[in-house]
Amino acid sequence: MDHQGQFRRAARELGIPDGEIVRFTTHLRLSIRLGGGSGGVPVGQFGGLPRLPVGTDWPTAGASPLPFVFSVDCASLPRVDDFGLPADGSLLFFLAHEEDHLAGGTGDRRYARVAYVPADTDTEVAEEPSIPNFVGEQYDVRATMGAELPPWFAAHDDDEDEDDLSPFQQQLAADLERDLPHLEELRALADDLWPPDEGLASADIGGYADDEVIRSIAEQTLAGREKAGEIVVPVAQWYSQVEQEKHQLTSEWVSLARFPLANEFYYGSFVIRHDDLTAGRLDEALSVTDFSE
C-alpha cells in the first residue's frame, strides 16, 4: 500500500499546500507495532524456542547461549514505505541484555545477534539449552502500524524550555515554525490514519531509532574523529556538535527493533543503517541496551 500517497491525499483534502505536505512526509516514518492479544493473524513469536536452520547451533557469546527474544515472519508483516526489510523469511533476535549493557560503547557485539533465515530454508525447533529458567514464556504477536516523527521535532513543542535547547536545536525549531505552519494539523492527521496504541507493545519494528541510541552513536563518532585528528571540538561547542551529528545520523539510521525486556529493568534496541538493511547486511546491526525509564 502507498502509505505516503494515502497521507498526501488526506492532507490535500484538508487544504494544506503541497509543498508543506512534501516537507512533512520527508520526516514521517511508519513503524510496525507488535503486541499480544486476540484478533488478526500472528506475525511472530515471543519467547519459547526459536526455529533454526536444520543443523545450526544456537547462537552463543563464547560458550554461553544468547537468550532468544522474538522472531517475525517478514512475509506476514505490513509493508512499510522505504523500509528495506526482507520480503520473506524470518528475523530472529537474540540478546544477553545485562552483558550487552555493560559492553555499551566498547564495540563488543558478542552479546546481541540478528539472524535471518530465508523462506526456503529447512528449519527445526531448537533444542533447549540446559540452563534453568533460560527460555521465556512463549506467545504469538500481531501487527499494527504507527506513525513516527524524528525526536528533534520535540524541540518545537510548547512545553519545551528553549533555554534547554542548543543553538542548533533552536534553529531546527525556528525552521519548523517557518516551513510547517500546519504542523499540528499534519501531526493530528498522521495520528488519525495510524492511531497510537496506548497499550504496552512487545516490540516496535522500524521507525526512528531512540534518541539516546543516536546520541551514543554521535558521541562515539565525534570522539573517534577527534582521536584520529580529523576534527577539534571545543568543549563549549560539544553539545551543539553532538546535536548536529545526531541530526545527520537520524536520516541514515533506522530502528530495526525496540523492545522492553521481560524483567522490565532493561530496554533492547537494534539499529541499522538504511543502506545496510536494504542490502541485507543484517550483521551490521548495532545493539544498545539501556535501563528502562
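Above this text you will find the structure in question.
Residues numbered from 1 in each chain as written. Predicted model: local features only at pLDDT ≥ 70, side-chain atom pairs only at ≥ 80, totals over all residues. Heavy atoms only, no water.

Draft legend 1. Spatial organisation of the overall build of the protein. Within the protein, the secondary structure is distributed over eight helices and 15 strands. The C-alpha radius of gyration of the protein comes to 20 Å, within 12% of the 19 Å expected for a compact globule of 293 residues. If you line up the protein on its principal axes, its C-alpha atoms span 60 × 50 × 35 Å. Burial statistics for the protein: of 293 residues in total, 44% are counted as buried. Sequence separation of 24 or more characterises 72% of the internal contacts of the protein that already satisfy a separation of 6 or more. Only carbon and sulfur atoms are counted for the fraction: they give 48% of the accessible area of the protein, which is about 15400 Å². Across the protein, the mean location of the 21 positive side-chain charges is 5 Å away from that of the 55 negative side-chain charges. (Helix = DSSP H or I, 4+ residues; strand = E, 2+ residues; numbered from the N terminus. Rg over C-alpha atoms; globule rule 2.2 N^0.38 Å. Buried < 20%, exposed > 50% of the residue type's maximum accessible area, 1.4 Å probe, protein only. Contact = heavy atoms within 4.5 Å. Areas by Shrake-Rupley, 256 points an atom, 1.4 Å probe, with all protein chains shown as cover. Lys, Arg positive; Asp, Glu negative; His and termini not counted. Charge placed at Lys NZ, Arg CZ, Asp CG, Glu CD.)

Draft legend 2. Seen up close, the pairing of strand S7 (residues 90-95). Counting buried positions along S7 gives five out of six residues, so the element sits mostly inside the fold. In the sheet, strand S6 (residues 68-73) pairs with S7 via five bridges, with the strands oriented antiparallel. Across the sheet, Val 72 pairs through a bridge with Leu 91, a residue of S7. By the bridge criterion, six bridges tie S7 to strand S8 (residues 112-117) in an arrangement that is antiparallel. Pairing of Leu 95 across the sheet is with Ala 112, part of S8. (Pairing = 2+ DSSP bridges.)

Draft legend 3. Quick look at the packing of helix H6 (residues 211-227) against helix H7 (residues 238-252). Contact geometry for H6 and H7: axes closest at 8 Å, N-to-C directions at 115 degrees. For the element pair H6 / H7, the angle class is roughly perpendicular. In the packing of H6 onto H7, the handedness of the crossing is right-handed. Of the residues in H7, those in contact with Asp 211, Ile 214, Arg 215, Ile 217, Ala 218, Glu 219, Thr 221, Leu 222, Ala 223, Arg 225 and Glu 226 of H6 are Trp 238, Tyr 239, Gln 241, Val 242, Glu 243, Glu 245, Lys 246, Leu 249 and Thr 250. Of the residues contributing to the contact of H6 with H7, the split by class is nine nonpolar, three polar and eight charged. (Axes fitted to C-alpha atoms, helices over the stretch in contact; angles between N-to-C directions. Parallel < 35°, antiparallel > 145°, perpendicular 65-115°, else oblique. Left-handed = near helix turned anticlockwise from the far one by under 90°. Nonpolar A, V, L, I, M, F, W, Y, C, P; charged D, E, K, R; others polar.)

Draft legend 4. Spotlight on the side chain of Asp 100. Looking at the element boundaries, Asp 100 is found in helix H3 (residues 97-102). No salt bridge is formed by the buried Asp 100. Its closest oppositely charged neighbour is Arg 109, at 8.8 Å. Residues in contact with Asp 100, not counting those within four places in the same chain, are Leu 95, Tyr 111, Ala 112, Ser 287, Val 288 and Thr 289. (Salt bridge = Lys/Arg side-chain N within 4 Å of Asp/Glu carboxyl O.)

Draft legend 5. Just helix H5 (residues 183-193), in detail. Regarding H5, the residues found buried are Leu 183, Leu 186, Arg 187, Leu 189 and Ala 190. Projected down its long axis, H5 shows its buried positions confined to an angular sector of 160 degrees, all on one face. (Arc of directions from axis to C-beta.)

Draft legend 6. Quick look at the environment of Asp 192. You can see Asp 192 is positioned in helix H5. Spatially, the C-alpha atoms of Asp 192 and Ala 147 are 9.7 Å apart, while their sequence positions differ by 45 residues.

Draft legend 7. Representation of unusual backbone geometry within the structure. One non-glycine residue, Asp 82, lies in the positive phi region at around 60 degrees. Among the secondary structure elements, Asp 82 is positioned in the loop between S6 and S7. You will see that Asn 133, though not glycine, has its phi angle at about 60 degrees, which is positive. Mapped onto the secondary structure, Asn 133 falls in the loop between strand S9 (123-125) and strand S10 (139-148).

Draft legend 8. A look at the packing of aromatic side chains. For the structure shown, the criterion picks out 11 aromatic pairs. Plain terms: the ring middles of Phe 46 and Phe 70 are 4.6 Å apart, the flat faces sit at 5 degrees to each other, and that makes the pair stacked. Here Phe 46, found in strand S2 (residues 44-46), pairs with Phe 70, found in strand S6; they are 24 residues apart in sequence, far enough to count as distant. An aromatic cluster of three or more residues is present, and its members are Phe 46, Phe 70, Phe 93, Tyr 139, Phe 259 and Phe 270. Across the ring face of Tyr 208, the terminal group of Arg 29 is positioned such that the distance to the ring centre comes to 3.9 Å. (Phe/Tyr/Trp six-rings, centres within 6.5 Å; stacked < 30°, edge-to-face > 60°. Lys NZ or Arg CZ within 6 Å of the ring centre and 35° of its normal.)

Draft legend 9. Representation of the nonpolar core within the structure. By size, the foremost hydrophobic cluster in this structure holds 50 residues, and its most contacted members are Phe 7, Leu 34, Phe 70, Ile 205, Leu 256 and Phe 259. Those residues in contact with Leu 34 that lie beyond four places of it in its chain are Val 43, Phe 46, Phe 70, Val 72, Leu 77, Val 141, Arg 142, Ala 143, Ala 201, Ser 202, Ala 203 and Ile 205. (Core = buried A, V, L, I, M, F, W, Y, C linked by side-chain atoms within 4.5 Å.)

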